[in-house]
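# Structural overview for review
For reference, the chains in residue letters:
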Amino acid sequence: MSTIELTEFELRDLPPGEGNPIELTHDASGPWLPAAVPGGVHEALMAAGRLVDPLLGDHEPDAAWIEGRDWWFRTRFREPACTGQERVRLIFDGLDTIADVWLDGTLLGHHENQFAPVCFDVTARLESDADETHVLLVRFAPPIPADAEQASGTGPRGPLQLVRHLRKAAFSWGWDFAPRVPSIGVWRPARLALERGAAITGHHVGLTELAADHSAAVVRMSVDVDVFAATIATAAFTLTAPDGRELRAAAAVADGAASVELDLDHPALWWTHDLGDQPLHQVRIELHADGALVDARDDRVGLRTIAVDRSPEPVEGGRLFQFVLNGVPLFARGANWVPPSPFVGSADPGLLRDRVLRACQGNLTMLRVWGGGVYEHDAFYRACDELGVLVWQDFMFACVDYPGEDATFRAEVDAEARAQVARLRNRACLALWCGNNEVEIIHLLTNGGREAGDWGRRIFHEVLPRAVAEIDGLVSYWPGSPWGEGGPHGVNGVLDGDRHDWEVWHGLVIPGFTHGSDSYPTRGDARHYRRYADDTARFASEFGIMSAPDRGTLDRWLPGIALHDTTFDRHLTDRPVTKLDELFAVTTGIPGDLDEYVALSQAVQAEAMTFAVEHFRRRQPRTAGALVWQFNDTWPAMTWSLVDVDGVPKAAYHALARASAPLVVSFMPTADDGLQLWLVNNTRLPARVRVDVELGTFDGLERDIMCVTGTAEPATSTVIWTGRVSRDARHYAWAASPDGAFPPARRHFAELGDLELGDGRVDVTVVHGGVDLVSHGYSYGVRISHPEPAMRLDDNHFDLRNGERRFVGIHGVDPATVTVTTTTPHSRASRERTV
């Protein structure tokens, strides 16, 4: 098989329904603009100067008109040289979204699914003069009629209700972290495939058996084949291990498939980056038809087993929800992934890899591809394979009821699911297929805890699990996130499955779902992160606190912005915009300007995520995962992200990196005014560590240091020290490893705004490769500036005790260009009132 990639298109817009495909096929003088494929309308308009970037400043509304036009994409190609045995197919990997396709003025077909490929057999239409030029047209119609009720607004309560039947990314219509800038265009590759006799349509390579001691394994290799003109077809399989060992086998194609099983001694297993290496095996599959080589596939795959342990939990009841990799139980430390841009067709492979690398460097071992976005580009999954990050993969359904009783819709979903499962099933990083995001829980909450009408049950409990079982069969399926068994309160409950904890951020108390107090003195107390201590989820798959991006990112994208001006509030899409102010009121005091808002919001978010992840990890294995909402950003905005739209890490990223290290310690106050130190081990080996425990005051007048030794088996947490300290605004507790076995941990005993920190300062010496820091007094939240988004810091946003010295490596910029400051964890207004 050979292919002709179709990448150079042109586009124009017309009022809906006014374009004539015959005229547009031959129109040589119209206002056509260059358009790259893969790509989209917005990108082409920006490149041509017809549109200011909608993510910049207040320009989001300037792009609204694009939704209401017909958009025509056009390209030309020369007649490919074909023989009598060849078939020519036109293949689109992704059309976004309501599309009609014409070739030389003749309609080929209609397509309405952003997530499913579509192909057309054009053999008969190309059997002409080899010098002929053909014209391909694709028209994209408006996804929502402009006069439709609920067409305005954003998100699940607005336009998404109108397009539940349309297979398009839910976040397109705006979300609490994203603008309403729905993408349009040929967003994935387009090509002509020239095939002779038979063609490979898919392949699957996976580990089906693994000895308990990892000494031997069985690898199954299979291929799906479309035999359209050949009499006999055979497949030859080659698996080449990283050490050069080759395993070969062949099988005849029967009923459109061929498969072999290979015995592999001492397999090189794929691990997450914290547990081992990520060896990838070379795969070669050759298809022979009637004695000739007609097609081939090359791939690189990691070999591993992955499962979800749902054993009974003997202490609290219910069942576990714990991932097991190659027989090793995991605590999944991770975050939720959202599309890094509204312009989903123009994803930069380098950017996708950089974001995954950020996750890896931040000690995260799992990213959940959220169901309101897109099935990500191949570069994302390739980076996860190469860097050792697991992927929880949602199917693309989110937050509204879907027409599951509609047979046509079910068939469309089935085709989409089978295509995406076939595309992604060979990824070593793939840990779970999940049916949806919050569809069932929102349906239950809006209907008094009961099912009422068609919300999509047949999709998530019949169509999708069947597709996963038949096309993959090695990776588990989970009906939704959150989901659990045990009646209405099994969904988002604490005894089974996974849980989304949004009671904290939204300040909610939901009978039957919420644990802890039934009431709180203020709205800020209801939103306080200390409530995470009441959450005993089996697996916390969403939770988060909002913060602002880096000030440099705000200045690049939102020049001249001021706190809560029109531009600021446009880029704070969660409503009401006062939620974080209510949390500030009980933690730091309400900030008076933008700089305070950036510093205090990032400090609060960092404290909150540290508090939550430390709590969940101490509970393992009863809690076996914590995925922060959210890892990355779609646009420059106030969101829950750890890394902003330019890739600049927030304070919470660095705090979470420390709290998510494979081996950590953390403090936990007890009900009797005591203090415990826990050791948490998520390595593959037993841990024995020395710990320096320090109890002191911020002014340095009190400082008591104890040396303790602690041990913990793999995948366990245990108390290694107990003691007492005055739990007031003057004292802190600190635990550090004298030999660097784990990151330092600390505990404060008052709200940030009440801490009696004194006047800490940091002396800075620029040295080769970084800066040397020395603290005078207790320095809270030492911040190293981030003048270039692509630069890297070994650490940032950390505390230093009086007299403590630390070197921080700086990569990608001259260390002399950075500034080092400390964070004042209270607003000026709150401290002035105190004085």
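Residues numbered from 1 in each chain as written. Predicted model: local features only at pLDDT ≥ 70, side-chain atom pairs only at ≥ 80, totals over all residues. Heavy atoms only, no water.

## As for unusual backbone geometry
Leaving glycine aside, a negative phi is the common case for residues, and trans is the common case for peptide bonds. Using the following cut-off: Numbering goes from the N terminus for both helices and strands, where a helix is a DSSP run of H or I of at least four residues and a strand is a run of E of at least two.
Put simply, Asp96 and Thr97 share a cis peptide bond, and its omega is 5°. Here the bond from Gln620 into Pro621 is cis, since omega is 5°, no more than 30 degrees from zero. With respect to the helices and strands, the residue Pro621 is situated in the loop between helix H13 (594-618) and strand E32 (625-628). The backbone of Asp290 sits at a positive phi, close to 50°, despite the residue not being glycine. Within the secondary structure layout, Asp290 lies in the loop between strand E20 (281-289) and strand E21 (292-301). At Asn492, a position not held by glycine, the phi torsion is positive, near 70°. One can find Asn492 in the loop between strand E29 (477-478) and strand E30 (499-500).

## Examining the packing of aromatic side chains
To keep things clear, this is the line we draw: We call Phe, Tyr and Trp rings a pair once their centres come within 6.5 Å, taking the six-membered ring for Trp, and we label the pair stacked below 30 degrees between planes, edge-to-face above 60, and tilted otherwise. Summary of the burial criterion: residues with accessible area below 20% of their type's maximum are buried, those above 50% are exposed, and those between are partly exposed, where the area comes from a 1.4 Å probe applied to protein chains only. Distance and angle both matter: a charge sits over a ring if NZ of Lys or CZ of Arg is within 6 Å of the ring centre and within 35 degrees of the ring normal.
Following the criterion strictly, the structure yields 40 aromatic pairs and no others. Consider the rings of Trp337 and Phe380, whose centres lie 4.6 Å apart with planes at 45°: the pair is tilted. Residue Trp337 is found in strand E25 (residues 332-337), and its partner Phe380 is found in helix H4 (residues 378-387); the two are separated by 43 residues along the sequence. By relative accessible area, Trp337 is classed as buried at 1%. Cation over ring: Arg74 sits above Trp32, and NZ or CZ is 3.9 Å from the ring centre. Lying over the aromatic face of Trp271, Arg684 brings its terminal NZ or CZ to 3.8 Å of the ring centre.

## A word on the pattern of salt bridges
What counts is decided by this rule: Criterion for a salt bridge: a side-chain nitrogen of Lys or Arg within 4 Å of a carboxyl oxygen of Asp or Glu.
Inspection of every chain in the model, using the stated rule, returns 64 salt bridges. A salt bridge links Glu694 to Arg703, with the shortest nitrogen-to-oxygen separation between them at 2.8 Å. According to the relative accessible area criterion, Glu694 is buried, its value standing at 3%.

## Focus on a negative patch on the surface
The line we're drawing: Two joining distances apply to patches: 9 Å for like charges and 5 Å for nonpolar side chains (Val, Leu, Ile, Met, Phe, Trp, Tyr), and every residue must have over 30% relative accessible area and no salt bridge. Only the protein chains shown count as cover for residues, and all accessible areas are computed by the Shrake-Rupley method using a 1.4 Å probe. In this tally, Asp and Glu contribute negative charge and Lys and Arg positive charge; neither His nor the terminal groups of the chain are included. A single reference atom marks each charge: NZ on Lys, CZ on Arg, CG on Asp, CD on Glu.
Taken together, the side chains of Glu209, Glu261, Asp263 and Asp265 present a region of like negative charge at the surface. Topologically, Asp265 is positioned in strand E19 (residues 257-265). Residue Asp265 is classed as partly exposed on the basis of its relative accessible area of 48%.

## Topic: the pairing of strand E4 (residues 70-78)
What counts here: When DSSP finds two or more bridges between two strands, those strands count as paired.
Where burial is concerned, most of E4 is hidden: seven out of the nine residues are buried. Across five bridges, strand E2 (residues 8-14) lies against E4 in antiparallel orientation. Looking at E4, one finds that Leu11 is bridged to Phe73. Pairing of E4 with strand E10 (residues 133-140), which is carried by eight bridges, proceeds in the antiparallel orientation.

## Remarks on the sheet that holds strand E36 (residues 703-712)
Here is the rule: Lines fitted to the C-alpha atoms define the axes, with helices restricted to the stretch that makes contact. Angles between their N-to-C directions range from 0 to 180 degrees.
Reading across the sheet, the four strands line up as E36-E35-E38-E39 and stay open at both edges, with antiparallel pairing between neighbours. Unpaired on one side and paired on the other, E36 and strand E39 (745-748) mark the two borders of the sheet. When the angles between neighbouring strand axes are averaged without regard to direction, this sheet yields 20°. The pairing of strand E38 (residues 731-736) with E39 spans four bridges and is antiparallel. Within E39, the position partnered with Trp734 by the bridge is Arg746.

## Looking at the environment of Glu246
Defined as follows: In what follows, a contact means two residues having at least one pair of non-hydrogen atoms within 4.5 Å. Here a polar contact is taken to be a pair of N or O atoms separated by no more than 3.5 Å, where protein atoms must pair a possible hydrogen donor with a possible acceptor and residues adjacent in sequence count only if both atoms sit in side chains.
Positionally, Glu246 belongs in strand E18 (residues 246-252). Each C-alpha atom of the pair Glu246 and Ala81 lies 37 Å from the other, and the pair is 165 residues apart in sequence. In this view, Glu246 contacts Thr238, Leu239 and Thr240; residues no more than four positions away in its chain are not counted. Polar side-chain contacts of Glu246 include one of 2.8 Å to the side chain of Arg248.

## Regarding the side chain of Arg747
The residue Arg747 is located in strand E39 in this model. Despite being buried, Arg747 has no salt bridge partner; Glu614 is the closest side chain of opposite charge, sitting 4.8 Å away. Within the structure, the side chain of Arg747 is placed 3.1 Å from the backbone oxygen of Phe667, a separation counted as a polar contact.

## Considerations on the sheet that holds E21
Note on sheets: strands pair through backbone hydrogen bonds, and any given pair is parallel or antiparallel. Read across the sheet, four strands follow the order E18-E17-E20-E21 without closing on themselves; strand pairing throughout is antiparallel. Looking at strand neighbours, the two that pair on one side only are E18 and E21, the edges of this open sheet. Taking the axes of each pair of neighbouring strands and ignoring which way they run, one obtains an average angle of 15° across the sheet. As paired elements, strand E17 (residues 233-240) and E18 share seven bridges and run antiparallel to each other. Across the sheet, the residue bridging to Ala235 is Ala251, located in E18.

## Description of the side chain of Gln605
As for its position among the elements, Gln605 is in helix H13. Within the local environment of Gln605, its side chain forms a polar contact with the backbone oxygen of Trp640, the two atoms lying 3.1 Å apart. Residue contacts for Gln605: discarding those within four places in its chain leaves Ile545, Met546, Ser547, Trp640, Ser641, Lys650 and Ala652.

Coordinates in, geometry out; function isn't part of it.
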